[in-house]
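These are the residues of each chain, in order.
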Amino acid sequence: MKQTPEEKIVFLNELLGAAYPNPKSELNYESPFQLLIATIMAAQATDRQVNVITRELFRCAPDAETMSRMELDEVRSLVRSINYCNNKAKNILAVSRILVERWQGVVPGTREGLESLPGVGRKTANVVLSNAFDQPVMPVDTHVHRVSNRIGLVHTEKPEETEAGLMTIIPEAWVIPFHHYLLLHGRYTCKAKKPDCAHCTVSGICDYPAKN
DNA sequence: AACTCGGGGCA
DNA sequence: TGCCCAGAGTT
């Protein structure tokens, strides 16, 4: 019983709610600004690291205006325990100043505006567009990329092609719950090194077990 | 297309 | 303890 990617999407949609409940719980920030900064900090870092860092960071600098008036050394000391802290300190300080000077302190809700900010690439922009502006976009990180290819929703090495491929087969209204599912499925079950196919609820439609 | 950033996770 | 990881930017 070979299934098309579209048929797999319909099957998966039945499972989403039960599979990994409590969507968006990790991204419940008070403003688009805080979401943007936390998402920049989240690159190559664990959720726990980000939560520890941002708690103190946002206590000192809850908005762009406040952060923009800080010294680089202050920002650096607040984020010093996270990966790439020097780059990230520079980036988020620059972002806060650009937001104040060019965007009236407001996070832009467009891809071009977001990707023009230092430290913000396609994936980070998509996270902000999705969570803060309710745009039906798919932030493709390595989890989403790996899981989508293993299941057989797409067939490509390139993450940007995974994003385009998923968008053609997932109905707009399903994009955000699918992103949540693909991300957590990759993190907890369909892991890069040791995928736990024995306990996987979607192995019936997945290309991976047969191939490995 | 390869390289850098650099602490955390895991064998 | 040493290898590998993952977004964005640079060369």
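Cut-offs applied
Residues numbered from 1 in each chain as written. Chains lettered and ligands numbered in written order. Predicted model: local features only at pLDDT ≥ 70, side-chain atom pairs only at ≥ 80, totals over all residues. Heavy atoms only, no water. UniProt positions renumbered as here; feature names shortened; annotations may be inferred. Helix = DSSP H or I, 4+ residues; strand = E, 2+ residues; numbered from the N terminus. Rg over C-alpha atoms; globule rule 2.2 N^0.38 Å. Buried < 20%, exposed > 50% of the residue type's maximum accessible area, 1.4 Å probe, protein only. Near = heavy atom within 4 Å. Polar contact = N/O pair within 3.5 Å; in protein donor to acceptor, adjacent residues only side chain to side chain. Phe/Tyr/Trp six-rings, centres within 6.5 Å; stacked < 30°, edge-to-face > 60°. Salt bridge = Lys/Arg side-chain N within 4 Å of Asp/Glu carboxyl O.

Under an unreviewed UniProt entry, the name given to chain A is Endonuclease III, and the organism recorded is Pelodictyon phaeoclathratiforme. On record in UniProt, under Sequence similarities (unreviewed entry), the comment for chain A is "Belongs to the Nth/MutY family."

## Let's talk about the overall build of chain A
The helix and strand inventory of chain A stands at 12 helices and 0 strands. Secondary structure elements in chain A, listed N-terminal to C-terminal, are α-α-α-α-α-α-α-α-α-α-α-α. In terms of C-alpha radius of gyration, chain A reaches 19 Å, essentially the compact-globule figure of 17 Å for 212 residues. With the principal axes as the frame, chain A shows a C-alpha extent of 60 × 30 × 30 Å. Here chain A, with 212 residues, has 44% of them falling under the buried criterion.

## Considering the protein's contact with DNA strand B
As a structural note, the neighbourhood of DNA strand B is formed by Thr46, Gln49, Asn83, Tyr84, Asn86 and Lys194. The contact atoms of DNA strand B, taken as those within 4 Å of the protein, divide so that sugar and phosphate hold 44%. Within the side chain of Tyr84, a nitrogen or oxygen atom sits 2.6 Å from a base nitrogen of DNA strand B. Take Asn86: an N or O atom from its side chain is 3.3 Å from a phosphate oxygen of DNA strand B.

## Focus on unusual backbone geometry
The backbone phi angle of Gln44 is positive, close to 55°, even though this residue is not glycine. Among the structural elements, Gln44 can be located in the loop between helix H2 (32-41) and helix H3 (47-60). One non-glycine residue, Gln104, lies in the positive phi region at around 55°. Position of Gln104 among the secondary structure elements: in the loop between helix H6 (85-103) and helix H7 (111-115). For Gln104, a relative accessible area of 65% puts it in the exposed group.

## Structural notes on the packing of aromatic side chains
One pass over the structure, following the stated rule, counts 4 aromatic pairs. Between Trp174 and Phe178 the ring centres are 6.3 Å apart and the planes differ by 15°, which places this aromatic pair in the stacked class. For Trp174, a relative accessible area of 26% gives the class partly exposed. In this structure Phe178 comes out as buried when scored by relative accessible area, which is 0%.

## Thoughts on the pattern of salt bridges
Counted by the stated rule, this structure contains 8 salt bridges. The residue Arg69 makes a salt bridge to Glu65 at a minimum N-O spacing of 2.6 Å. Looking at Arg69, the relative accessible area reads 57%, which means it is exposed. Glu65 gets classed as partly exposed once you look at its relative accessible area, which sits at 40%.

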